[in-house]
Amino acid sequence: MVHVCRKEHFNAAHKLWNPKWSEEKNKSVFGPCANENWHGHNFELIVTIKGKPDAETGFVVDLKQLSTLIRREVIDKVDHKNLNVDVPFMTGKMASCENLVMEFWKILQPQVDELVKEGGLYKLTLYETPRNFVEYYGE
């Protein structure tokens, strides 16, 4: 199997805040991420596809088609948005990278699997900062 990766970028704001907790506990657990007026990141999303190269094209996946899919289904919905307020698929969820990447998977996995003849979505990597990132391989 070959692993093919596509990196996309988006900017978004969010706040980590548990309404069941006191302000003191939220600030203690989440620190500056609990800023009452939100904070933002320059996110990087890496989509990894696993599969066998097509005999005719040599591609596991057409990266132009993959990029269009990622931008249409994910990036356009989160770029320059407030993840807590503006993104319907995050309603009622803590706007952590862990939850965000799992929602991205739910959106992308069925469509990527249609796009890739012999393979599918393998992993999502979401960078919140150059040093903080999460990886998700699905359920």
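What about the pairing of strand S1 (residues 2-14)?
Right, on to step 1. As paired elements, S1 and strand S2 (residues 39-51) share 13 bridges and run antiparallel to each other. Directly across from Val4, in S2, lies its bridge partner Ile49.
Right, on to step 2. Where S1 and strand S3 (residues 81-82) come together, two bridges link them in parallel fashion. Bridge pairing links Ala12 to Lys81 in S3.

Some thoughts on the pattern of salt bridges
Right, on to step 1. Under the counting rule described, the total for this entry stands at eight salt bridges.
Right, on to step 2. Between Glu8 and Arg6 there is a salt bridge, with the nearest N and O atoms lying 2.8 Å from each other.
Right, on to step 3. Taken together, the salt bridges that share partners define one network made up of Arg72, Glu73 and Lys77.

A look at the nonpolar core
Right, on to step 1. Counting residues in each nonpolar core, the largest one holds 34 residues, and the members touching the most others are Phe104 and Leu126.
Right, on to step 2. Listed by contribution, the elements that provide at least two residues to this core are S1, S2, helix H2 (63-78), helix H3 (97-115), strand S4 (119-127) and strand S5 (133-136).
Right, on to step 3. Not counting residues up to four positions away in its chain, the partners in contact with Phe104 are Phe10, Leu45, Val74, Val78, Phe89, Leu124 and Leu126.

Regarding H2
Right, on to step 1. Here H2 is 16 residues long and its end C-alpha atoms lie 21 Å apart, about the 22 Å a rise of 1.5 Å per residue gives.
Right, on to step 2. Residues of H2 that are buried in the fold lie against S1, S2, S3 and H3.
Right, on to step 3. For H2, the N-terminal cap is Asp62; the gap from its side-chain oxygen to the backbone nitrogen of Lys64 is 2.9 Å.
Right, on to step 4. Phi for His80, located one or two positions after H2, is positive at around 55°.

As for the sheet that holds S3
Right, on to step 1. Pairing in this open sheet of five strands is mixed, and the strands run S3-S1-S2-S4-S5 from one edge to the other. The outermost strands of the open sheet, each flanked by one partner alone, are S3 and S5.
Right, on to step 2. By the bridge criterion, eight bridges tie S2 to S4 in an arrangement that is antiparallel. Within S4, the residue paired with Leu45 across the bridge is Leu126.

Digging into the packing of aromatic side chains
Right, on to step 1. If you walk through the whole model with that rule in mind, you get seven aromatic pairs.
Right, on to step 2. Ring geometry for Phe89 versus Phe104: centroids 6.1 Å apart, planes at 70°, classification edge-to-face. One end of the pair, Phe89, is in the loop between S3 and H3; the other, Phe104, is in helix H3, with 15 residues separating them in the sequence.
Right, on to step 3. On the accessibility criterion, Phe89 (16% relative accessible area) is buried.
Right, on to step 4. What makes Phe104 buried here is its relative accessible area of 0%.
Right, on to step 5. Between Tyr122 and Tyr137, the ring centres sit 5.4 Å apart and the planes meet at 85°, which makes this aromatic pair edge-to-face.

Considerations on the side chain of Glu73
Right, on to step 1. Mapping Glu73 onto the fold places it in helix H2.
Right, on to step 2. Of the polar contacts made by the side chain of Glu73, one reaches the side chain of Arg72; its length is 2.8 Å.

About the thresholds
The residue count restarts for each chain, going from 1 along the sequence in the order it is written. Reporting of local features is limited, given that this is a predicted model, to residues whose pLDDT is at least 70; pairs of side-chain atoms are given and counted only at 80 or more, and all residues count toward the totals for whole chains, interfaces and linings. Side-chain descriptors were evaluated using all non-hydrogen atoms of the structure, hydrogens and water having been removed beforehand. Here the rule is simple: two strands pair whenever DSSP picks up at least two bridges between them. Helical segments are the DSSP runs of H or I of at least four residues, strand segments are the runs of E of at least two, and each set is numbered from the N terminus. Note on definitions: salt bridges are taken to be side-chain nitrogens of Lys or Arg within 4 Å of carboxyl oxygens of Asp or Glu. By convention a nonpolar core is built from buried Ala, Val, Leu, Ile, Met, Phe, Trp, Tyr and Cys residues, the set being connected through side-chain atoms within 4.5 Å. Per-residue accessibility, obtained with a 1.4 Å probe over protein chains only, is compared with the maximum for each type, and a residue is labelled buried under 20%, exposed over 50%, and partly exposed between these values. Contact criterion: two residues are considered in contact whenever any of their non-hydrogen atoms come within 4.5 Å of each other. Expected span of a helix, by definition, is 1.5 Å for each gap between consecutive residues, and there is one gap fewer than residues. Polar contacts here mean pairs of N or O atoms no more than 3.5 Å apart (in protein, one a potential hydrogen donor and the other a potential acceptor; neighbouring residues in sequence count only if both atoms are side-chain atoms). Under the pairing criterion, centres of Phe, Tyr and Trp rings, with the six-membered ring standing for Trp, must be within 6.5 Å; the plane angle then separates stacked pairs below 30 degrees from edge-to-face pairs above 60, leaving the rest tilted.

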